[in-house]
Amino acid sequence: MPVLFICFIVFILWFRVKSKQADNATNNPKEEFLRREYEANFTRKKDISGLNYLIVPENALPFTETTDKEENRLQEEARKIMSGKMLNLSGISNTDLKLEYGHANLDLLSEYDQNFSNFLRCLDQWGNYLYAKKEDKKCAKQVLEYSVLIGSDITRTYTTLAAIYLEENEPGKVQPLIDKVEDSNFFMKDSIVLRLKKLVQEF
């Protein structure tokens, strides 16, 4: 009987120690990160051919023959980026990507994500050039609206598009932009929302 009792006490003590260790590991962000990173580095490569790659529909953007060197450069840059694969992976860490798709796919996925980011920057430059330099609001609006549609997080894309709506006396179109940003995980979301609201107030 005493032996069984001692064994029971030892088991209880062992169980408490192990539970505390588990709790400490869970509550320690650094240890949790290292654990997940270790696991991610040994995750096997998975098929990524079926991911939601961005495919730009025909006529989504106002490509045109032009003698304007800068406009032509921006159009060619957009076409070049579009010829590669693009993925919007914003908000997803490298560790999560490796855990989901395997360590061997990280470089490719990072490349596709960078292509997407470069495309958004190109659209922002193109749309703002059309608006400011060419005074072509129709085409500028088309470029910027498409950029917003696919998930742009660039402040100027939203503020220029909002300015166009206000110049066309359509302030009601700015609120959906505000709603979209508020529902996002953009790093600069609060700043973008404030600037959009200020534009409306000043209208």
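Here, every reference points to the structure presented above.
Below or above, wherever it landed, is the structure these notes cover.

About the criteria used
- Residues numbered from 1 in each chain as written.
- Predicted model: local features only at pLDDT ≥ 70, side-chain atom pairs only at ≥ 80, totals over all residues.
- Heavy atoms only, no water.
- 1 Å grid on protein atoms, 1.4 Å probe; cavity = no way out; pocket = protein on both sides within 12 Å on 5 of 7 lines; lining within 4 Å.
- Points joined across faces, edges and corners; volume = space filled by probe spheres on them.
- Salt bridge = Lys/Arg side-chain N within 4 Å of Asp/Glu carboxyl O.
- Helix = DSSP H or I, 4+ residues; strand = E, 2+ residues; numbered from the N terminus.
- Buried < 20%, exposed > 50% of the residue type's maximum accessible area, 1.4 Å probe, protein only.
- Axes fitted to C-alpha atoms, helices over the stretch in contact; angles between N-to-C directions.
- Parallel < 35°, antiparallel > 145°, perpendicular 65-115°, else oblique.
- Left-handed = near helix turned anticlockwise from the far one by under 90°.
- Contact = heavy atoms within 4.5 Å.
- Phe/Tyr/Trp six-rings, centres within 6.5 Å; stacked < 30°, edge-to-face > 60°.
- Lys NZ or Arg CZ within 6 Å of the ring centre and 35° of its normal.

### A closer look at the layout of surface pockets
Roughly 210 Å³ of volume is contained in the largest pocket. What lines the largest pocket is a set of 14 residues, among which Asn88, Ser90, Ser117, Leu120 and Asp153 lie closest to the centre.

### Some words on the pattern of salt bridges
Tallied over the entire structure, the rule returns nine salt bridges. Glu167 is the partner of Lys137 in a salt bridge, and the nearest nitrogen-oxygen pair spans 3.5 Å. Highlighted residues: Lys137 in helix 6 (residues 137–149) and Glu167 in helix 7 (residues 155–167), separated in sequence by 30 residues. Note on Lys137: relative accessible area 29%, which makes it partly exposed. What makes Glu167 partly exposed here is its relative accessible area of 44%. Overlapping salt bridges, with partners in common, bring together Glu70, Arg73 and Glu77 in one network.

### A few points about the packing of helix 8 (residues 174–182) against helix 9 (residues 189–202)
Interaxial distance between helix 8 and helix 9 falls to 9 Å at its minimum, and their mutual angle equals 165 degrees. Here helix 8 lies roughly antiparallel to helix 9, going by the angle between them. Note on packing geometry: the crossing formed by helix 8 with helix 9 is left-handed. Two secondary-structure elements touch here, helix 8 through Val174, Leu177, Ile178, Val181 and Glu182 and helix 9 through Lys189, Ile192, Val193, Leu196, Lys197 and Val200.

### Here we look at the packing of aromatic side chains
All chains considered together, the criterion is met by three aromatic pairs. Centroid distance Phe63 to Trp126: 5.1 Å. Interplanar angle 40 degrees. Geometry classified as tilted. You can see Phe63 sitting in the loop between helix 2 (29–40) and helix 3 (69–82) and its partner Trp126 sitting in helix 5 (residues 106–132), a full 63 residues away along the chain. Among the residues examined, Phe63 registers a relative accessible area of 27% and is labelled partly exposed. Trp126 gets classed as buried once you look at its relative accessible area, which sits at 0%. Relative to Phe186, the ring of Tyr158 lies with its centre 6.3 Å away and its plane at 55 degrees, an arrangement referred to as tilted. In this pair, Tyr158 is assigned in helix 7 and Phe186 in the loop between helix 8 and helix 9, connecting sequence segments 28 residues apart. Taken individually, Tyr158 and Phe186 each receive the classification buried, so the pair is uniform in this respect. One residue, Lys85, lies across the ring of Tyr53, its end atom 5.1 Å from the ring centre.

### Digging into unusual backbone geometry
The backbone of Asn59 shows a phi angle near 70 degrees, a positive value even though the residue is not glycine. In this fold, Asn59 is placed in the loop between helix 2 and helix 3. The residue Glu135 is not glycine, and still its phi comes out positive at about 55 degrees.

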